[in-house]
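A look at the structure
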Amino acid sequence: MAGKVLVVEDEAEIAELVRTYLEREKYEVRVTARGAEAMSLLDSFGPEVIVLDLMLPDTDGLKLCQEIRKQHTNPILMVSARSDDVDKIIGLEVGADDYLAKPFNPKELVARVRALFRRAQMAPAAGDTVTHGSLQLNQGSRRVTVGGAEVHLTPIEFNLLRHFLAQPGTVFTRQDLLDRVWGADFFGDERTVDVHIRNLRSKLRKADARFDAIQAVWGVGYRFD
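Residues numbered from 1 in each chain as written. Predicted model: local features only at pLDDT ≥ 70, side-chain atom pairs only at ≥ 80, totals over all residues. Heavy atoms only, no water.

Positionally, E157 belongs in helix α6 (residues 155-166). Reaching out from E157, the side chain makes a polar contact with the side chain of K203 at a distance of 2.7 Å. If we skip the residues at most four places from it in the chain, E157 touches H152, H196, N199, L200 and K203. (Helix = DSSP H or I, 4+ residues; strand = E, 2+ residues; numbered from the N terminus. Polar contact = N/O pair within 3.5 Å; in protein donor to acceptor, adjacent residues only side chain to side chain. Contact = heavy atoms within 4.5 Å.)

Further remarks concern the sheet that holds strand β12 (residues 221-224). The sheet built from three strands is open, its strands ordered β10-β12-β11 with antiparallel pairing. The sheet is open, and its two borders are formed by β10 (172-173) and β11 (214-217), each paired with just one other strand. Here β10 runs beside β12; their pairing, made up of two bridges, is antiparallel. Looking across to β12, one finds that T173 is bridged to G221. The strands touched by α6 within the sheet are β10, β11 and β12, with β12 carrying the most contacts at an inclination of about 65 degrees. (Pairing = 2+ DSSP bridges. Axes fitted to C-alpha atoms, helices over the stretch in contact; angles between N-to-C directions.)

Okay, the environment of G148 next. Take G148: it is sitting in the loop between β8 (143-146) and β9 (149-151). For the pair G148 and Q136, spaced twelve residues apart in sequence, the C-alpha to C-alpha distance is 8.3 Å.

Structure below.
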């Protein structure tokens, strides 16, 4: 099997279409229409990627995404009939790694799932532990601590931080970061970078309020001081 995917979708026809296309690519798929069962399957099935509909009969997809993020860092592809930029940004801010508006081409969904697997499994760079002040990043275990307390990062957040730490002081444009962290197969736009960096900075500051190393460079991008 290529990997495990959990599909949380209440429209039966869409759920089965997604299952069919993913299984053709040798993914092992479980489908549920309810948030409570999805939380249970996270432990019993152990998916590596989650495809999450925003509108569910028993819960709001945004709330479910937040609940998942309290315990798991699995990449999440959020799908929704709501295609406004505001909805996309909110979805990313609560923890989704990517956002796909309905109606969608199932081949595009498969491509996005494949990209999430690739980014989550990116091989660590040479070396083991990188230290910056109170921050330590272990590339082999993909663990980050600040002041000794573990900071739970999604795969994208981890790869962003690792990229910054590899070249401190270097200013990266949003397009630089998309190319080097997300990769050429990413379908989104540059605002995705801003949302993920906000989430990353928030998590680091929550661990240590004095930690403010990721700086915005007005009109250009970001750097790690």
